[in-house]
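Observations on the model geometry
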Amino acid sequence: MEKIIYNGKLSERAKIKVDIEDRGYQFGDGVYEVIRVYNGHLFTGDEHLQRLMESAESIGMKLPYSIIEIKTQLNELIRVNQLSSGIIYLQVTRGVSQRNHLFPSADTVPVFIAYTREMQRPTAAMEKGVSAISVEDIRWLRCDIKSLNLLPNLLAKQKASEAGCFEAIQHRNGVVTEGSSSNVSIVVDGIIKTHPATNLILNGITRKVMLEICRQNNIEIKEETFTIEELLQADEVFLTGTTTEIMPIIEIDKSKIGNGTPGTITKQLQRYFKEKVAECCSVPTKAQ
Ligand SMILES: Cc1ncc(COP(=O)(O)O)c(C=O)c1O
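Residues numbered from 1 in each chain as written. Predicted model: local features only at pLDDT ≥ 70, side-chain atom pairs only at ≥ 80, totals over all residues. Heavy atoms only, no water.

Neighbouring the ligand are 18 residues; Arg51, Glu178, Ile205, Thr206 and Thr242 lie closest to it. Interatomic distance of 2.8 Å between a backbone N/O atom of isoleucine 205 and an oxygen atom of the ligand. In this structure, an oxygen atom belonging to the ligand sits 2.6 Å away from a side-chain N or O atom of threonine 206. Its free accessible area being 380 Å², the ligand has 92% of it covered by the protein chains. Along the lines of polarity and charge, the residues of the shell around the ligand split into 2 nonpolar, 12 polar and 4 charged. (Near = heavy atom within 4 Å. Polar contact = N/O pair within 3.5 Å; in protein donor to acceptor, adjacent residues only side chain to side chain. Areas by Shrake-Rupley, 256 points an atom, 1.4 Å probe, with all protein chains shown as cover. Nonpolar A, V, L, I, M, F, W, Y, C, P; charged D, E, K, R; others polar.)

Here proline 152 lies in helix α5 (residues 151–162). Considered as a pair, proline 152 and arginine 139 are 13 residues apart in the sequence and their alpha carbons are 5.9 Å apart. For proline 152, the residues in contact, after removing those within four places along its chain, are Ile138 and Arg139. (Helix = DSSP H or I, 4+ residues; strand = E, 2+ residues; numbered from the N terminus. Contact = heavy atoms within 4.5 Å.)

Turning our attention to the domain arrangement of the protein chain. Assigned domains within the protein chain: domain 1 (3–118) and domain 2 (123–277). The contact between domain 1 and domain 2 buries some 1,700 Å² in all, and 66% of this surface belongs to carbon and sulfur atoms. Among the residues domain 1 hides against domain 2, the three largest losses belong to Tyr32, Phe43 and Arg51. Together they make up 36% of the total. Our count for the contact surface shared by domain 1 and domain 2 stands at 0 salt bridges. For the pair domain 1 and domain 2, the interface holds 6 residue pairs in polar contact (both at pLDDT 80 or more). When residues of the side of domain 1 that touches domain 2 are assigned to their parent elements, the largest contribution, 8 residues, is made by strand β3 (residues 30–38). In terms of residue class, the side of domain 1 that touches domain 2 is made up of 10 nonpolar, 9 polar and 4 charged. (Domains from an automatic or database assignment. Buried area = accessible area lost by both parts, 1.4 Å probe. Salt bridge = Lys/Arg side-chain N within 4 Å of Asp/Glu carboxyl O.)

One non-glycine residue, threonine 44, adopts positive backbone phi at about 50 degrees. Mapped onto the elements, threonine 44 comes out in the loop between β4 (41–42) and α2 (45–58). The exposure class assigned to threonine 44 is buried, which follows from its relative accessible area of 16%. With a phi angle near 50 degrees, aspartate 253 is a residue other than glycine that sits in the positive phi range. Tracing the chain through its elements places aspartate 253 in the loop between β14 (245–252) and β15 (255–256). Judged by relative accessible area, which is 36%, aspartate 253 ranks as partly exposed. (Buried < 20%, exposed > 50% of the residue type's maximum accessible area, 1.4 Å probe, protein only.)

The end-to-end C-alpha distance of helix α3 (residues 67–80) is 20 Å, a good match for the 20 Å that 14 residues give at a rise of 1.5 Å each. Of the residues making up α3, those classed as buried are Ile67, Ile70, Gln73, Leu74, Leu77 and Ile78. Buried residues in α3, looked at end-on, bunch into an arc of 140 degrees, giving them a common side. Turned more than 90 degrees from where α3 packs its buried face, Ile68 and Thr72 sit exposed. Just past α3, the residue glutamine 82 takes up positive phi, approximately 50 degrees. (Expected span 1.5 Å × (residues − 1). Arc of directions from axis to C-beta.)

Per the counting criterion, the structure on display carries 1 disulfide. Cysteine 280 shares a disulfide with cysteine 281; S-S distance 2.3 Å. Across the disulfide from cysteine 280 to cysteine 281, rotation about the S-S bond amounts to roughly 60 degrees, and the bridge is consequently right-handed. The cysteine cysteine 214 is free of any disulfide, with cysteine 280 supplying the nearest cysteine sulfur at 19 Å. (Disulfide = S-S within 2.5 Å.)

Before going further, it helps to spend a moment on the nonpolar core. Counting residues in each nonpolar core, the largest one holds 23 residues, and the members touching the most others are Leu49, Leu52, Ile70, Leu74, Ile88, Leu90 and Ala114. Of all the elements in the fold, those that place two or more residues in this core are β3, α2, α3, β5 (86–93) and β6 (111–118). The dominant element in this core, judged by the number of residues it contributes, is α3, at 5 residues. Leucine 52 has contacts with Val31, Tyr32, Glu33, Leu63, Ile70, Leu90 and Val92, leaving out every residue within four places of it along the chain. Formed by 17 residues, the second largest nonpolar core is a distinct cluster that contains Ile169, Val184, Phe226 and Val237. (Core = buried A, V, L, I, M, F, W, Y, C linked by side-chain atoms within 4.5 Å.)

Listed below in structure tokens is the structure:
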């Protein structure tokens, strides 16, 4: 029987129902995280939980548990569901209260859930590369908060899918921000450029891992904005994301990037990323 975490306790998934006045359900009033699990281990779990706390604080919410408590719950969930390769989705909403735009009274208990899903690494796509379209970024100005309000992201991703593409790369007035569910970087003359971690993008954990890899391996990286023209003219383009990992983009708006195959630096980053995963997660957990 599949288990989930519901307000701090392991529960059977089939027995948990969402209240129609849960503020997450009615307003998207909450925050979430997706954490990768490799070989039964949380990958960059602390960084994701730290970001969850920051997202919650940014919308005036306090997490109902400490990061250590949440981590213990998540590891227990991985164990009971015998998850080896997959993800944990977790979200916290401002709780259940009579519908009103104002925040509910201070004693309203946030609703915290987490569940697991099996998922393999996207190895075929990472080897071959994927295509993307560019779309206008129509989101709000606090994209650094991992909020449940994802409607513009969904519209962008759907448009990409309808065009036969993997991702939609968003831009504001011609300046590239990020993908609908990933960060975007380009490589020009051996130097990587990626949007600075401002309010206009989510400060991706995989982006952070990529920055660390670059620092450790003397790969030059600039946290600077770049335009759609620079994107289309770049030698290489790649996405970073928890489930996407490091994903080469070989075509945008039907125009080839470089020679239309994954670039040398992107492939190098993929190898270093795999090493990072191995460092963290190569020894199976006891439950596996
Ligand atoms: C809008 C957006 N940007 C970037 C990312 C990548 O972030 P991370 O590497 O933490 O998964 C995501 C992940 O879902 C996202 O939704």
